[in-house]
Amino acid sequence: MDLIQHIESQRESHLNELKEFLRIPSVSAKSEHKKDIEQAARWVAEKLRAAGLEKVEITPTQMHPLVYGESLRAPGKPTILLYGHYDVQPAEPLDLWTSAPFEPEVRGGNLFGRGTADDKGQVHIHLKALEALRAVHGHLPINVKVMIEGEEEVGSVSLWDFVSRNRERLRADALVVSDTSMLAKGVPSITYGLRGLNYYEIAITGPAQDLHSGVFGGAVPNPLTILSETIAKLHDRDFRVTVPGFYDDVAKIPREERKALHSLPWKEKEFRRTVGAPGLCGEKGFSIVEQLWIRPTLELNGIWGGYTGEGAKTVIPSKAHAKLSTRLVPNQDPKKIARLVERHIRKLLPKTVTHTFEVLSTGKPWVAPYTHPVFQKALHALEAGFGKKAVFIREGGSIPFVTQMHDTFRVPCVLLGFGLPDENAHAPDEHIALDNYYGGIKAVALFYEELAA
Ligand code: BES
Ligand code: MN
Ligand code: MN
């Protein structure tokens, strides 16, 4: 049987197996899911063995286990390092899901469930592609090293330690990752740039304890008001970030690249529909694609404090909190940006409150040329697997590990994304288009086959 026929013949069982994976609530952010995380790691290890990988190991870390396996039985053929994550984001708010997050369900050509697109579905694509290659060839035609981690959604805390301790072992000719999106349905894409991410938490303290707002209001600082005012000052009217020096190191993109980005089949109407807001706003002077992919941003992710329960409570809260992040682009230095943001916020705050500023994580941006021959093979495989023209894109999301790998090993990083921007990653009703899931298996199997040729 040929490769594509083999994959076609397994549609039913592939889907059922993916559902099994999705039923494990491997939420990395919450300690109550520790057992589920471990179960998911074991599940991945078992499937790696089934796909013909050897030396499959589950390595415990400071936080969540990492699954590694390899097959190095194709002498003279290229070696790839495949990376993905089996952990998922929390499913809350649960009441906004049409079907339960950990009870996967197919509706209208999409598979719904937490992790379908980010990233269990995409990891499964590779597991099944490898399995198909082994079934058809009798062995894996290229050398593969597979590393699937369980901490991506909480910042890959232990990953770098593992990589540093296994530098020689992890050496490869290319890094392959499927944890990104396609530009649009029917447009298979290779991502060659990602933004970096710094995450901050700030706490403001005013009065030593909560105060009656009638007895004290009018004469004392309200930390919630002060925090809101401060955050409101972080953008100007052109939606530029006001932090001095924030844009100093931002790379200008070459004219050629700008032209290429603007000739992509990207549809503003579709983007507006996905966003669902009455209007858009972004940094003045840049197109939406530029705002999303090549410009840095500052976002307020959460703000809390005071009374938020039912009814009214008259209170001046003692404390106010916020979570902020900055998406970074080449050549911004995350450490430098963290210092600039902290200094600016410190200067904006009045002397009537104290504050703490914590940098929860930093991650570098990544962009790399796609001139290495491996990219042409990937492009051909995507086009053969999907029967559509494939494109090179940048994206706004972050996978700090890709940058670290690229910096350390200087290898081409091939990001084959099979998600879609409107698939609700990190949100209720996350899903993956079955066309992309099945097309992905074919494309990846063809890619690996082409690498062996
Ligand atoms: N798979 C995403 C990253 C992504 C999404 C890249 C869409 C490109 C397009 C990943 O799981 C993720 O969510 N990353 C986080 C950062 C991480 C450090 C928690 C992100 O981008 O917010
Ligand atoms: Mn992901
Ligand atoms: Mn994610």
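Our subject is the structure that appears above.
Residues numbered from 1 in each chain as written. Chains lettered and ligands numbered in written order. Predicted model: local features only at pLDDT ≥ 70, side-chain atom pairs only at ≥ 80, totals over all residues. Heavy atoms only, no water.

1. Quick word on the coordination of the manganese ion (ligand 3)
Short version of the rule: Only nitrogen, oxygen and sulfur atoms qualify as donors, provided they sit within 2.8 Å of the metal or within 3.2 Å for Na, K and Ca; with water excluded from the atoms, sites may seem incomplete. Just to be clear on the cut-offs, tetrahedral is four donors with all angles between 85 and 135 degrees, square planar is four donors and octahedral six with opposite donors over 155 degrees apart and all others between 65 and 115, and anything else goes down as irregular.
Those protein atoms acting as donors to the manganese ion (ligand 3) are Asp118 (OD), Glu153 (OE), Glu153 (OE) and His426 (NE2), and they sit at 2.1 to 2.5 Å. Metal-centred angles of 56 to 157° between the six donor atoms at the manganese ion (ligand 3) mark the site as irregular. Coordination of the manganese ion (ligand 3) draws on donor residues from a single chain, spaced D-x34-E-x272-H in sequence.

2. Digging into the environment of Tyr192
Heads up, the condition is: Helical segments are the DSSP runs of H or I of at least four residues, strand segments are the runs of E of at least two, and each set is numbered from the N terminus. Any residue under 20% of the maximum accessible area for its type is buried, any over 50% is exposed, and the rest in between are partly exposed; the area is computed with a 1.4 Å probe on protein chains only. Here, two residues are considered to be in contact whenever any of their heavy atoms come within 4.5 Å of each other.
Along the polypeptide, Tyr192 turns up in strand β8 (residues 189–194). A relative accessible area of 6% means that Tyr192 is categorised as buried. Along the backbone, Tyr192 and Tyr370 are 178 residues apart, and their C-alpha atoms lie at a distance of 6.9 Å. Excluding anything up to four places from it in sequence, Tyr192 contacts Glu257, Leu261, Trp366, Val367, Ala368, Tyr370, Phe392, Ile393 and Arg394.

3. Details of the site of ligand 1
Stated precisely, the cut-off is as follows: Residues are labelled near a given molecule or strand when at least one of their non-hydrogen atoms is within 4 Å of it. Counting of polar contacts relies on pairs of N or O atoms within 3.5 Å, with two restrictions inside protein: one atom must be capable of donating a hydrogen and the other of accepting it, and residues adjacent in sequence are counted only when both atoms are side-chain atoms. For every accessible area listed, the method is Shrake-Rupley and the probe measures 1.4 Å; residues are considered covered only by the protein chains on display. Three classes are used: nonpolar for Ala, Val, Leu, Ile, Met, Phe, Trp, Tyr, Cys and Pro, charged for Asp, Glu, Lys and Arg, and polar for all others, with Gly counted as polar.
In the vicinity of ligand 1 there are 15 residues, among which Glu152, Asp179, Arg327, Ser398 and His426 approach most closely. For ligand 1, an oxygen atom lies 2.7 Å from a polar atom in the side chain of Glu152. Between an oxygen atom of ligand 1 and a side-chain N or O atom of Arg327, the distance comes to 2.7 Å. Summarising the interface, the protein chains cover 83% of the accessible area of ligand 1, which totals 520 Å² for the free molecule. Residues that form the shell around ligand 1 fall into these classes: four nonpolar, five polar and six charged.

4. Notes on the coordination of the manganese ion (ligand 2)
Six octahedral donors at a metal ideally form angles of 90 or 180 degrees, and four tetrahedral donors ideally form angles of 109.5 degrees. Coordination of the manganese ion (ligand 2) by the protein comes from His85 (NE2), Asp118 (OD), Asp179 (OD) and Asp179 (OD), over a distance range of 2.0 to 2.5 Å. Metal-centred angles of 56 to 165° between the six donor atoms at the manganese ion (ligand 2) mark the site as irregular. The sequence pattern formed by the donor residues of the manganese ion (ligand 2) is H-x32-D-x60-D. The two metals, the manganese ion (ligand 2) and the manganese ion (ligand 3), are separated by 3.5 Å and share Asp118 as a common coordinating residue. Placement of the pair is Asp118 in the loop between β5 (110–112) and α4 (120–137) and Asp179 in the loop between β7 (174–177) and β8, with a sequence separation of 61 residues. Exposure remark for Asp118: the relative accessible area of 12% places this residue in the buried category.

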